Amino acid sequence: MTMRFDGRVAIVTGAGGGLGREHALALAKRGAKVVVNDLGGARDGSGASATAAEAVVAEIEALGGEAIANAASVTDYAAVEAMVKAAMDKWGRIDILVNNAGVLRDKTFAKMELADFQFVMDVHLMGAVNCTKAVWEIMRAQNYGRIVMTTSSSGLYGNFGQSNYGAAKMALVGFMQTLSIEGAKNDIRVNCLAPTAHTRMTEDLGAALPLEALGPELVSPGLLYLVSDNAPSRCILAAGAGGFERAYVTITQGIHAVGEDAPEQIEARFAEISDRTGEIIPDMGAAQGMIELTKAQKAHA
């Protein structure tokens, strides 16, 4: 095993079970010191207990590793700052942040209370923002950092009954895209992991997926790569059942349409607009404007 994390300090949120536990154990087995964060609540975010995080710390220590437990809610910025301070006081640095904490409150949008939408956004999106903000200046000062956001196919492609979860997960992709640009000069590499795994978060799927083949431990190798010294940046890595794929946000070449009949031109040529021949992966948001201006200039040439 040449991919090692000796001397590195990692924070893994939502690490009391499922994917987070496997991520924490995998990092510890390869030498990282780990902050095991878990609120210890139910799947919908209710309740709290440090027991789950403490159990994972005990597992790591039994393997000869170093870890500390933390039961902060990622929605509480003051508690997150205290967690980061505890890690700095003990180990003097933070190299890796894995934003894995999450909750589910699934319902169709018609039946969903706005409070349930807000709460899921707060945990997944603002929880990741809080944790990232708390370590960002530390990583900038170190000129080193590895951050992973946990996105989902439900955000990338949609899933019935998960408008809140999907919105939060896609928002994390946008967060990652910009932080990757801003962190580059300080070697802070930011990526997204889109896992498919059998955990308590997915237990209601039942026969929809072959759950016995979807152990969360099969996702963690992808996580290790995304936080390694040789990690990429701005990557959306999908992982599950031992399979690894990469998802992209792309833009087609499209058309140029102006004039009174522009709406009708768009309607008539929508297949051409949708044609993926020559599509690109933009370096940043301004690329869209450049594509559009280039078409306008050609049209007026």
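See the structure above.
Quick look at the structure, then. (Residues numbered from 1 in each chain as written. Predicted model: local features only at pLDDT ≥ 70, side-chain atom pairs only at ≥ 80, totals over all residues. Heavy atoms only, no water.)

### What to know about helix α1 (residues 18–29)
Next, step 1: Across its twelve residues, α1 extends 17 Å between first and last C-alpha, which sits within 8% of the 16 Å expected from 1.5 Å per residue.
Next, step 2: Along α1, the residues that are buried comprise Leu 19, Gly 20, Glu 22, His 23, Ala 24, Leu 25, Ala 26, Leu 27 and Ala 28.
Next, step 3: Buried residues along α1 sit in contact with β1 (9–12), β2 (33–37), α2 (51–62), β4 (96–99), β6 (188–196) and α7 (220–226).
Next, step 4: Two residues or fewer after α1 comes Gly 31, characterised by a positive phi angle close to 105°. (Helix = DSSP H or I, 4+ residues; strand = E, 2+ residues; numbered from the N terminus. Expected span 1.5 Å × (residues − 1). Buried < 20%, exposed > 50% of the residue type's maximum accessible area, 1.4 Å probe, protein only. Contact = heavy atoms within 4.5 Å.)

### Some details on a negative patch on the surface
Next, step 1: A cluster of like negative charges, contributed by Glu 260, Asp 261, Glu 264 and Glu 267, occupies part of the molecular surface.
Next, step 2: Position of Glu 260 relative to the elements: it lies in the loop between β8 (243–247) and α8 (262–268).
Next, step 3: Given a relative accessible area of 81%, Glu 260 falls into the exposed group. (Patch = residues over 30% accessible without salt bridge, like charges linked within 9 Å, V, L, I, M, F, W, Y side chains within 5 Å. Areas by Shrake-Rupley, 256 points an atom, 1.4 Å probe, with all protein chains shown as cover. Salt bridge = Lys/Arg side-chain N within 4 Å of Asp/Glu carboxyl O. Lys, Arg positive; Asp, Glu negative; His and termini not counted. Charge placed at Lys NZ, Arg CZ, Asp CG, Glu CD.)

### Regarding the nonpolar core
Next, step 1: Within the largest apolar cluster, 45 residues are counted, with the highest numbers of intra-cluster contacts made by Ile 11, Ile 94, Ile 147, Met 149 and Val 190.
Next, step 2: If you list the elements that add at least two residues to this core, you get β1, α3 (77–91), α4 (114–142), β5 (145–150), α6 (163–183), β6 and β7 (236–240).
Next, step 3: Here this core takes twelve residues from α4, the largest share from any one element.
Next, step 4: Membership of the second largest hydrophobic core comes to 31 residues, among which are Leu 27, Val 57, Val 227 and Leu 237. (Core = buried A, V, L, I, M, F, W, Y, C linked by side-chain atoms within 4.5 Å.)

### Examining the sheet that holds β2
Next, step 1: In space, the eight strands of this open sheet follow the order β3-β2-β1-β4-β5-β6-β7-β8, with mixed pairing throughout. Edge positions in the sheet fall to β3 (67–70) and β8, since each has one partner strand and no second. Between one strand and the next, the sheet's axes are offset by a mean angle of 20°, whatever the strand orientation.
Next, step 2: As paired elements, β5 and β6 share six bridges and run parallel to each other. Each bridged residue has a counterpart across the sheet, and for Gly 145 the counterpart in β6 is Ile 188. (Pairing = 2+ DSSP bridges. Axes fitted to C-alpha atoms, helices over the stretch in contact; angles between N-to-C directions.)

### Considerations on helix α10 (residues 286–300)
Next, step 1: Helix length check: α10 (15 residues) gives 21 Å between terminal C-alpha atoms against 21 Å at 1.5 Å per residue, within 8%.
Next, step 2: Among all positions of α10, only Ala 287, Ile 291 and Lys 295 are buried. In an axial view of α10, the angular spread of the buried residues amounts to 80°, which keeps them on one side of the axis. Facing away from the buried side of α10, by more than 90 degrees, are the exposed residues Met 290, Gln 297 and His 300. (Arc of directions from axis to C-beta.)

### Topic: the packing of α3 against α4
Next, step 1: At a closest axis distance of 9 Å, the pairing of α3 and α4 adopts a crossing angle of 40°. Here α3 is positioned oblique relative to α4, judged by the angle of their axes. Helix-helix and strand crossings are classified by hand; for α3 and α4 the assignment is right-handed. In this structure, α3 uses Tyr 77, Val 80, Met 83, Val 84 and Met 88 to contact α4, whose residues at the interface are Asn 130, Cys 131, Lys 133, Ala 134, Val 135 and Ile 138.
Next, step 2: Taken together, the residues of the contact of α3 with α4 break down into nine nonpolar, one polar and one charged. (Parallel < 35°, antiparallel > 145°, perpendicular 65-115°, else oblique. Left-handed = near helix turned anticlockwise from the far one by under 90°. Nonpolar A, V, L, I, M, F, W, Y, C, P; charged D, E, K, R; others polar.)

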